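Structural characterization, general
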Amino acid sequence: MPAIMSHARELHRLGPANNDRLSAVRVALSVAVPGLVLVLIGRPDLMMYAVFGALTGMYGRNETHQLRLKHQAQAALFLVGGLTIGVFLSVHHIHSWWLVLVATLFAGAGSLYADAVRLKPIGPFFGILALGACASVPTNVPLTTAVLIGAASAALSLLVGFAGWFRHRGWESGAVRDVPVLRGPLRQGPLVQAAMVHAVRYALAVSVAGAIGILSGSGHPHWAMAAAAVPLAGADLPSRVHRGIHRIVGTFLGLAVVAVVLFPSPLSPLQYFPGHTAVVLAVLVVLCQFPTELFMARHYGWAMVFFTPVILLIAQLAAPMDPGVLVMERAIETFVGAVVGIAVAVLVRAPRSRVSS
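Residues numbered from 1 in each chain as written. Predicted model: local features only at pLDDT ≥ 70, side-chain atom pairs only at ≥ 80, totals over all residues. Heavy atoms only, no water.

In this structure, Met 47, Met 48, Phe 52, Phe 125, Phe 126 and Phe 307 are the most contacted members of the largest nonpolar core, which totals 94 residues. A per-element tally of this core places helix α13 (residues 300–318) first, with 12 residues. Leave out the neighbours within four places in its chain, and Met 48 touches Ala 133, Cys 134, Val 137, Ile 314, Ala 315 and Ala 318. (Core = buried A, V, L, I, M, F, W, Y, C linked by side-chain atoms within 4.5 Å. Buried < 20%, exposed > 50% of the residue type's maximum accessible area, 1.4 Å probe, protein only. Helix = DSSP H or I, 4+ residues; strand = E, 2+ residues; numbered from the N terminus. Contact = heavy atoms within 4.5 Å.)

Here it is, written out as structure tokens:
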């Protein structure tokens, strides 16, 4: 019983604040500027590509400007890479089982990359999400245009993250990030073996969740694949289970917010701005990004309450669909994916004699 109560307390415990507001402002600004530009030119439907590029700003939040620049550049490469693959699949109408295969390979390789450069937020989740989301909506512009929007948004995030440097102009020659060595003499060591096991977990979870999504007839199997990756970012088994539960509960609460926005009712802001649905949704995306980053490091469940509207509203901007179907499929796919991710975390363990991932 004490162990159960301990886990229950952990699920709702809010972590300590750590410069969260400044980081949240940086990310919100990185989303707001390209979002506003797209609204002004009449293309809010392209906001998905800008948002995924702007997620670059979530990385390196508490590092020095010099190291944050390097960290975010590494993250931008990964995020824009996932976006590019997703757009390529969309342009060439490659879906279903091919999407699962590509996402599985990307998840495994992305896990190795994320471990090698120690991305934080940990793991390949955001890259997997970008790939799946961009692959699953029709692309109404050339591939290069979509990729350039994402890359430009990522570049803006780099600039915003580095802007504070101009006040102090401190630069340490030869400064490097503290990352594990996954090559050279240690390439056969326990660190690399742990990274390989971790990559297998991601590939297995994404493939199983994607297969279930397709076999169930869902129109959005990529949501299940992304949700399956979430628990695996935990440092140990209890934290992986907690993250999976946070994902489910936080997403369900976020879906209530989405329902209020999209379902016709006096509570929906869309009712008060007829003819400006796209603009209202774009503004809500920007507003929700701030609390997403504010809670991301302190309580993953609360972060998902706000991140869920971000993802669903940019999807609705790109390819509008029935709100009821949107909410229902998101709920089902998230639950399935998170359960698969937890199951993989429980079943696939690093060898006892090796260092845990």
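So, about unusual backbone geometry. For the bond from Lys 120 to Pro 121, the omega torsion is 15°, close enough to zero to count as cis. Within the secondary structure layout, Pro 121 lies in the loop between α5 (96–117) and α6 (125–135). Even without glycine at this site, Ser 96 takes up a positive phi of about 55°. Along the chain, the position of Ser 96 falls in helix α5. Owing to a relative accessible area of 35%, Ser 96 belongs among the partly exposed residues under this scheme. Positioned with a positive phi, Arg 118 is a non-glycine residue whose angle comes to about 55°. With respect to the element layout, Arg 118 can be found in the loop between α5 and α6.

It is worth spelling out the environment of His 71 at this point. You can see His 71 is positioned in helix α4 (residues 65–91). For the pair His 71 and Lys 120, spaced 49 residues apart in sequence, the C-alpha to C-alpha distance is 8.6 Å. Within polar-contact distance, the side chain of His 71 engages the backbone nitrogen of Lys 120 at 3.2 Å. (Polar contact = N/O pair within 3.5 Å; in protein donor to acceptor, adjacent residues only side chain to side chain.)

Before going further, it helps to spend a moment on the side chain of Ser 30. By secondary structure assignment, the location of Ser 30 is in helix α2 (residues 20–40). Ser 30 gets classed as buried once you look at its relative accessible area, which sits at 1%. One polar contact links Ser 30 to Ser 157, side chain to side chain, over a distance of 3.4 Å. Those residues within four positions of Ser 30 in sequence are excluded, and the remaining contacts are Ala 54, Ser 153, Leu 156, Ser 157 and Val 160.

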